[in-house]
Amino acid sequence: MIASFPLRLAEFVLIVTAMVIGIATTMIWIGIPLLVLTTSMVRGLADLERSWVRSMLGVDIPPAVRLPHRRGLMATWQARLADRTTWHDLAYLMIAMPLGIVEFIAGLVSLAVPPFGIWVAPRIGALHGELALQMLGPSLNARLAARTHQLAVSRARGVDAVEAERRKIERDLHDGAQQRLVGVAMSLGLAKLKLESVPEELRELIDEAHSEAKLAVSELRDLARGIYPAVLQDRGLDAALSAQTARLPIKVDIEVKTDPRPPSVVETTTYFIVCESLTNIVKYAGATRATVKIWRTHDTVVVEITDDGCGGAVIRPGGGLAGLTDRAATIDGVLTVVSPPGGPTVVRADLPCRW
């Protein structure tokens, strides 16, 4: 608060002086380039204020969205005068001067009276941050448009992910269980023809059909577990992931702290992200050990999968990690991958519990 006062004073003096001189000399054309320079100065100082609010007050203000303009001095000036962002920037810079005086006094009082600096000064800073966000940030319509675009993109990615999952299930059924059941039907048909002539061959065919049937049942069971495991619904993430990792050839340490229990869709997304990540680790990473940590903050479930493999994993379009990213995006989640060459690899997903 104390250090920013000279900046506010300099901003106010520069802008007011340039505007007064520019308006006074407009009739002799000197004022027009001066006013254009003033609008450039207003933009630059407003961007400086955005950076100051972001770094000192912790309020993230998105960069300004300004209207495009054609080449030429007059076209530039007209476009800037018609741009609402220019007037919002100017209004904030004018208000920042009296606000800076109040904050300067509050800063001096905070040095002399520590309780004031502990309880009152932070609230003044919070009010400043809110004012800056309203005046320097995007308008409500712009924020709603950006949010709508984000939701449209995430929903489109979700549809693509669901379609890819559907094709995978269809392919697994066609190439796996369906082929085995066809084999069972053919074996049983041959057994029917040989029922009276060769009992020994009949027993072999029946044994073969029995084995194929058991394999088909096992594959269907695994497929059903992959679609949605019953243990996940009954006993939660810890039990479901423990059952899944017990069949892996590497050691996996699991730590789950998700009380209170997150919504079902978040649990399902978490389960599949962990399972697919572990499958990728077994296939490609050359790891001997992996760690899975899942915990819940107030409204977010955080998932971290770490392995001691060779590293070098990247998110490529159409790849397995891209599919996990799309799955997380269906609930407005974010998935990041840190995998330097030589490892270790860390896959992290932040999944919101409210949307």
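Basis of the calculations
- All chains use their own residue numbering, which begins from 1 and follows the written sequence.
- Only residues with pLDDT of 70 or above have their local features reported here, since the model is predicted, and side-chain atom pairs are shown and tallied only from 80 upward, although totals for entire chains, interfaces and linings are computed over all residues.
- No hydrogens and no water enter the side-chain calculation; it runs on all heavy atoms of the structure.
- Stacked, tilted and edge-to-face are the three classes applied to pairs of Phe, Tyr and Trp rings, where Trp contributes its six-membered ring and a pair requires centres within 6.5 Å; stacked means planes under 30 degrees apart, edge-to-face means over 60, and tilted covers the rest.
- A ring is scored as having a charge over it whenever the NZ atom of a lysine or the CZ atom of an arginine sits within 6 Å of its centre and within 35 degrees of its normal.
- Pairs of strands are assigned from DSSP output, requiring at least two bridges between the strands.
- Put simply, DSSP H or I for four residues or longer makes a helix, DSSP E for two residues or longer makes a strand, and each gets a number counted from the N terminus.
- Every axis in this analysis is a line fitted to C-alpha atoms, fitted for helices over the stretch in contact. Angles between the N-to-C directions lie between 0 and 180 degrees.
- Any two residues whose heavy atoms approach within 4.5 Å at even a single point are treated as in contact.
- An angle below 35 degrees is treated as roughly parallel, one above 145 as roughly antiparallel, one from 65 to 115 as roughly perpendicular, and anything else as oblique.
- For this classification, Asp, Glu, Lys and Arg are treated as charged, while Ala, Val, Leu, Ile, Met, Phe, Trp, Tyr, Cys and Pro are nonpolar and the rest, including Gly, are polar.

A. Just the packing of aromatic side chains, in detail. Using the criterion set out here, one finds two aromatic pairs in the structure. The ring of W52 has R8 sitting right over it, with the charged end atom 4.6 Å from the ring centre.

B. Focus on the sheet that holds strand β2 (residues 289-296). Within the open sheet, the five strands sit side by side as β1-β2-β3-β5-β4. Their pairing is mixed. Strand pairing shows two members of the sheet lacking a second neighbour, β1 (251-257) and β4 (334-338), which therefore form its edges. Averaged over all neighbouring strand pairs, the angle between strand axes comes to 10°, with direction disregarded. With seven bridges joining them, β2 and strand β3 (residues 300-307) adopt antiparallel strand pairing. Directly across from K293, in β3, lies its bridge partner E304. Contacts from helix α10 (residues 237-245) reach β1 and β2, with the element oriented near 175° to β1. Those strands touched by helix α11 (residues 264-285) are β1, β2, β3, β4 and β5 (345-352), and its axis lies near 10° from that of β3.

C. Here's a closer look at the packing of helix α4 (residues 84-112) against helix α6 (residues 121-136). Two elements in contact, α4 and α6, have axes whose closest approach is 11 Å; the angle formed by their N-to-C orientations is 175°. The angle between the axes of α4 and α6 places the two elements in the roughly antiparallel class. For the pair α4 and α6, the contacting residues are H88, D89, A91, Y92, I95, L99, E103, A106 and S110 in the first and A121, I124, H128, L131, A132, M135 and L136 in the second. The residue inventory of the contact of α4 with α6, partitioned by class, reads eleven nonpolar, three polar and two charged.

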